[in-house]
Amino acid sequence: MTKTQFEYDNIIKMLNYLNLQGDARRLMLDLWSLIQVFDDAEDGSKIDKEELDRALWAAFVSLPTNELFVANRSALGGIISVQIFKWRAANQVEKDGKADEKSFIWRAGYFDILMYVFALVYGKDIASKSASDVMGRYIETFDDYKKEFKL
């Protein structure tokens, strides 16, 4: 099993735990696939065929037909654009040798989107009560990040 498949399987387990189904689940899996391909391309990592196939399907078939995405396109577009800026900022400071606690947080943009989608599905009250649990699902640890960038 590749690292990418292992991470994808963990995202599926997390979505199961959060009970995100249907369009919400598909949206988060599609975004994960796209993020991974773009991140691997940025890092110069090898992109396996299965990962590329998932991302192509997500971009051109699944996302454009996802009713949750279409109905909330403006808000999701705003949130996703901010996450792209944060990801770019993290990549830049990492390349400049200035990675730190802030850049670690910037990389966690997927979970900001996840929190918003969770709120769309379950409403403000449940999202508020569950926020620490949802955000606590973030997979990467700061210790791992420190090792990767020798902090």
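Here is a short report on the structure shown in this document.

Calculation notes
Residues numbered from 1 in each chain as written. Predicted model: local features only at pLDDT ≥ 70, side-chain atom pairs only at ≥ 80, totals over all residues. Heavy atoms only, no water. Salt bridge = Lys/Arg side-chain N within 4 Å of Asp/Glu carboxyl O. Helix = DSSP H or I, 4+ residues; strand = E, 2+ residues; numbered from the N terminus. Buried < 20%, exposed > 50% of the residue type's maximum accessible area, 1.4 Å probe, protein only. Contact = heavy atoms within 4.5 Å. Expected span 1.5 Å × (residues − 1). Bend = angle between axes of the 7 residues up to and from the residue. Polar contact = N/O pair within 3.5 Å; in protein donor to acceptor, adjacent residues only side chain to side chain. Axes fitted to C-alpha atoms, helices over the stretch in contact; angles between N-to-C directions. Parallel < 35°, antiparallel > 145°, perpendicular 65-115°, else oblique. Left-handed = near helix turned anticlockwise from the far one by under 90°. Nonpolar A, V, L, I, M, F, W, Y, C, P; charged D, E, K, R; others polar. Phe/Tyr/Trp six-rings, centres within 6.5 Å; stacked < 30°, edge-to-face > 60°. Lys NZ or Arg CZ within 6 Å of the ring centre and 35° of its normal.

1. Concerning the pattern of salt bridges
- Per the stated rule, a full pass over the model turns up 12 salt bridges.
- Notably, a salt bridge pairs arginine 88 with glutamate 42, separated by 3.0 Å at the nearest N-O pair. Here the residue arginine 88 occupies a position in helix α5 (residues 73-95), and glutamate 42 occupies one in helix α2 (residues 22-43), the gap between them amounting to 46 residues.
- Since its relative accessible area comes to 23%, glutamate 42 is described here as partly exposed.
- A salt bridge links lysine 146 to aspartate 143, with the shortest nitrogen-to-oxygen separation between them at 3.3 Å. Placement of the pair is lysine 146 and aspartate 143 together in helix α8 (residues 142-148), with a separation of 3 residues, close to one helical turn.
- Residue classification places lysine 146 among the partly exposed positions, given a relative accessible area of 29%.
- Shared partners join several salt bridges into a network, and the residues in it are Glu94, Arg107, Glu140 and Glu148.

2. Thoughts on the environment of isoleucine 79
- Position of isoleucine 79 relative to the elements: it lies in helix α5.
- It is 6.6 Å that separates the C-alpha atoms of isoleucine 79 and isoleucine 113, two residues lying 34 residues apart in sequence.
- In contact with isoleucine 79, other than residues within four places in its own chain, are Ile113 and Tyr116.

3. Regarding helix α3 (residues 49-65)
- Spanning 17 residues, α3 covers 23 Å between terminal C-alpha atoms, matching the ideal 24 Å at 1.5 Å per step.
- By the largest-angle criterion, alanine 58 marks the main kink of α3, which is about 50 degrees.
- Along α3, the residues that are buried comprise Glu51, Arg54, Ala55, Ala58, Ser62 and Leu63.
- The secondary structure elements touched by the buried residues of α3 are α1 (3-17), α2 and α4 (67-71).
- Capping the start of α3 is the job of one residue whose side-chain oxygen sits 3.3 Å from the backbone nitrogen of glutamate 50: aspartate 48.

4. Side note on the packing of α1 against α2
- At a minimum axis distance of 11 Å, the contact between α1 and α2 shows a crossing angle of 155 degrees. Classified by the angle their axes make, α1 and α2 are roughly antiparallel. When the axes of α1 and α2 are compared, the crossing they make is right-handed. Facing α1, whose interface residues are Thr4, Glu7, Tyr8, Ile11, Ile12, Leu15 and Asn16, α2 presents Arg25, Met28, Leu29, Trp32, Ser33, Gln36 and Asp40.
- Looking at the contact of α1 with α2, its residues break down into 7 nonpolar, 4 polar and 3 charged.

5. Description of the packing of aromatic side chains
- Counted under the stated rule, the structure contains 9 aromatic pairs.
- Ring geometry for phenylalanine 111 against tyrosine 138: centres 5.1 Å apart, planes inclined by 85 degrees, an arrangement best described as edge-to-face. Separated by 27 residues along the polypeptide, phenylalanine 111 in helix α7 (residues 109-135) and tyrosine 138 in the loop between α7 and α8 bring together distant segments of the chain.
- Aromatic rings pair up to connect Trp32, Phe104, Tyr110, Phe111, Tyr138, Phe142, Tyr145 and Phe149 into one cluster.
- It is arginine 54 that lies over the ring of tyrosine 8; its NZ or CZ is 3.8 Å from the centre.
- Arginine 137 extends its terminal NZ or CZ atom over the ring of tyrosine 17, reaching a point 4.1 Å from the ring centre.

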